[in-house]
Amino acid sequence: MPSATPTTLKVSVWRGADEGEFQRFDVPRMESQTVLDVVIHIQRHLDATLSYRFACRVGMCGSCAMTVNGRARWTCRTHVTKVLRHADDVLEIAPLNHLPVVKDLATDMTGFFDKWRDAKGYFAGQRTRAEPAARVDPASPARKAVDAGIECIGCGVCYASCDVVAWNPDYLGPAALNRAWTLVNDVRDTQQQARVAAISNDAGCHSCHTLGSCTERCPKSLAPTASIAGLKRLNGKAPQGALE
Amino acid sequence: MSELDVSHANGAAAAGRRKTPGRRADARARNHPAWWAFLVHRLSGLALAVFLPMHFWALGTALHGAAAFDSFLAVTRQPAFVFAEWGLVTLLAAHLIGGVRLLLIEYRPWSGLRKDLIAATAGGALVIGLAFALSLTL
Amino acid sequence: MKAAVSGWRVQRISAMVLAVCVTVHLITMIAVVHGGLSAGAILTRLHGNVVWGLFYSVFVLAAAAHVPVGLRRIAEEWLGWRGPSVFAVSVLIGLMLAIAGLRAVLALTGGPL
């Protein structure tokens with residue numbers, strides 16, 4: 001006789017910081033329940049000391065990224081039924097990998113954004129408001145390359161998924177390099193030499209082994225692997241016709 | 001200074017021996033085709049790197065003339081040796097096809113993680129290994 | 001500056017050369033092992049053969065360039081061995097492979113019968 005779906009969900013949540021342990025909770029099972037729903041329920045009804053982050057809860061901001069059953073995901077966009085192979089499996093929720101744990105499910109993302117900065121993942125232009133706006137053809141190959149990677153919201157899922165980040169503490173990581181690629185292809189940017197110098201080395205694109213975890217896990221279906229391959233093809237030279 | 005500032009200062013000071021902070025992925029995160037392709041590529045490369053010096057040394061015994069070379073070749077007819085040889089041919093084929101996949105990803109326009117070539121790596125290695133085994137035994 | 005002769009670039013260029021060499025080598029080996037190997041047969045085929053000598057020399061040098069980079073990466077990432085010392089050891093391995101390999105090529109194409 002097949003067993004009915006249990007009415008409670010077994011959840012295992014990381015408590016502590018870099019040192020700590022998993023704590024078990026039983027949460028009422030509901031239809032259309034996301035992992036974020038589960039975390040919110042625990043904090044509001046079972047243990048008010050649980051620390052975690054979320055904001056939009058509709059898959060736009062990336063704040064709720066955590067490690068769910070071993071894989072980095074946005075918890076607001078992850079249905080519990082999608083991660084549990086059997087109804088009475090345990091749902092394991094942990095903070096993102098490769099970042100210091102502040103408390104429980106919240107990580108310190110300073111290092112992630114520092115590497116973004118180190119990859120020159122920020123725009124520098126030369127026009128002022130007094131000049132006309134730059135004209136960029138959206139159909140040009142360079143702009144298409146930018147558009148393919150520009151939707152990144154810095155959620156950290158790719159960084160948490162990349163084993164090279166784990167193995168090489170200097171590795172800038174897929175998000176920073178993806179952003180650098182979009183800027184390499186930005187015809188208005190004026191720091192191409194510095195950017196290419198920052199990413200054409202072992203801290204940058206040369207350490208990518210095409211593991212592909214970033215591309216597999218990106219919740220926005222971006223392909224940092226593609227961007228990093230593009231950086232590799234630059235061969236240490238700024239793009240043709242670069243402003244700087 | 002907040003606790004975070006202290007830990008950053010400590011991190012910067014220990015730059016030479018630094019490790020990536022935080023938790024690590026386990027097999028659940030690595031269970032996808034491109035990751036297996038990486039692992040096969042790295043491990044086959046390692047095995048070949050270990051084998052290559054022995055291969056060069058063995059062939060170099062021919063410097064002592066055909067008789068010395070022949071007595072070495074007698075060793076190569078041992079079953080364990082033949083099995084190892086087959087294994088290395090298979091690994092070489094896998095490393096070759098997997099490597100071609102990487103060169104295509106890095107030098108050609110993006111067309112995904114090329115999972116068809118991951119399949120071709122497995123299939124091609126199998127076929128070449130079989131061809132070698134058949135050639136040896138038939 | 002460093003990018004032009006980076007380990008990455010050396011490994012990729014040598015990989016392209018090796019893709020050709022390995023393909024030829026695999027086909028040759030599968031054809032040649034049929035019926036068993038004997039020193040006489042191999043040496044007859046290769047002795048004095050400039051074409052094969054050149055081919056295998058190129059093969060050896062490409063492999064000697066390619067292998068150390070990969071080994072260095074494994075040492076850096078899985079053994080945590082970084083810095084000038086692992087680089088120096090990898091270059092040493094490359095040199096030893098080149099010497100051993102070219103010696104083997106000489107043995108087979110120009111050595112005593």
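Residues numbered from 1 in each chain as written. Chains lettered and ligands numbered in written order. Predicted model: local features only at pLDDT ≥ 70, side-chain atom pairs only at ≥ 80, totals over all residues.

A. Region of the structure containing the overall build of chain C. Secondary structure summary: chain C contains four helices and zero strands in total. By the compact-globule yardstick of 13 Å for 113 residues, chain C is too spread out, its C-alpha radius of gyration being 17 Å. In terms of its C-alpha atoms, chain C occupies a principal-axis envelope of roughly 45 × 25 × 25 Å. The 113 residues of chain C split such that 29% are buried. (Helix = DSSP H or I, 4+ residues; strand = E, 2+ residues; numbered from the N terminus. Rg over C-alpha atoms; globule rule 2.2 N^0.38 Å. Buried ≥ 20, exposed ≤ 12 C-beta atoms within 10 Å, placed from the backbone.)

B. Focus on the domain arrangement of chain A. Residues and elements named next belong to chain A. Assigned domains within chain A: domain 1 (8–107) and domain 2 (110–233). The centre of domain 1, based on its C-alpha atoms, is set 29 Å off from the matching centre of domain 2. At the junction of the two partners, domain 1 supplies 13 residues and domain 2 supplies 14 residues. When residues of the side of domain 1 that touches domain 2 are assigned to their parent elements, the largest contribution, four residues, is made by strand E4 (residues 71–74). Residues of the side of domain 1 that touches domain 2, tallied by class, amount to six nonpolar, four polar and three charged. (Domains from an automatic or database assignment. Contact = placed C-beta atoms within 7 Å. Nonpolar A, V, L, I, M, F, W, Y, C, P; charged D, E, K, R; others polar.)

C. Examining the sheet that holds strand E1 (residues 8–16) of chain A more closely. Residues and elements named next belong to chain A. Pairing is mixed in the open sheet, where five strands are placed in the order E2-E1-E5-E3-E4. The open sheet terminates on both sides in strands that have one partner only, identified here as strand E2 (20–28) and E4. This sheet shows a mean twist of 35° between the axes of neighbouring strands, independent of strand direction. Bridge analysis of strand E3 (residues 65–68) against strand E5 (residues 90–94) gives two bridges, and the strand direction is antiparallel. Residue pairing for E5: Thr67 is matched across the bridge by Ala94. The strands touched by helix H1 (residues 35–46) within the sheet are E1, E2, E3 and E5, with E2 carrying the most contacts at an inclination of about 95°. (Pairing = 2+ DSSP bridges. Axes fitted to C-alpha atoms, helices over the stretch in contact; angles between N-to-C directions.)

D. Broad picture of the packing of helix H3 (residues 33–60) of chain B against helix H4 (residues 84–109) of chain C. Across the interface, H3(B) lies against H4(C) with an axial gap of 8 Å and an inter-helix angle of 30°. In terms of orientation, H3(B) and H4(C) fall into the roughly parallel class. Pair H3(B) / H4(C) crosses with left-handed handedness. Within the contact between the two elements, H3(B) uses Leu52(B), Pro53(B), Phe56(B), Trp57(B), Leu59(B) and Gly60(B) and H4(C) uses Leu97(C), Ala100(C), Gly101(C), Arg103(C), Ala104(C), Ala107(C) and Leu108(C). (Parallel < 35°, antiparallel > 145°, perpendicular 65-115°, else oblique. Left-handed = near helix turned anticlockwise from the far one by under 90°.)

E. Broad picture of H1(A). All names here are of chain A. The first and last C-alpha atoms of H1 sit 15 Å apart over twelve residues, in line with the 16 Å expected at 1.5 Å per residue. All of the buried residues in H1 are Val35, Leu36, Val38, Val39 and Ile42. The buried residues of H1 all sit within an arc of 165° when viewed along its axis, so they share a single face. Away from its buried face, by an angle of more than 90 degrees, H1 presents the exposed residues Arg44 and His45. Elements that come into contact with the buried residues of H1 comprise E1, E2, E3, helix H2 (80–83) and E5. (Expected span 1.5 Å × (residues − 1). Arc of directions from axis to C-beta.)

F. Focus on the nonpolar core. With 71 residues, the main nonpolar core has Val11(A), Val38(A), Ile93(A), Leu177(A), Ala180(A) and Ile199(A) as its most contacted residues. In terms of residues, this core owes the most to one element, helix H7 (residues 174–184) of chain A, which gives seven residues. Looking at this core, you find at least three residues from each of domain 1 (8–107) and domain 2 (110–233) of chain A. Ignoring sequence-local partners within four residues, the contact set of Val11(A) consists of Phe25(A), Val27(A), Val38(A), Ile42(A), Leu91(A) and Ile93(A). Counting 32 residues, the second-largest nonpolar core is a separate cluster that includes Leu48(B), Val22(C), Ala65(C) and Leu97(C). (Core = buried A, V, L, I, M, F, W, Y, C linked by C-beta atoms within 7 Å.)

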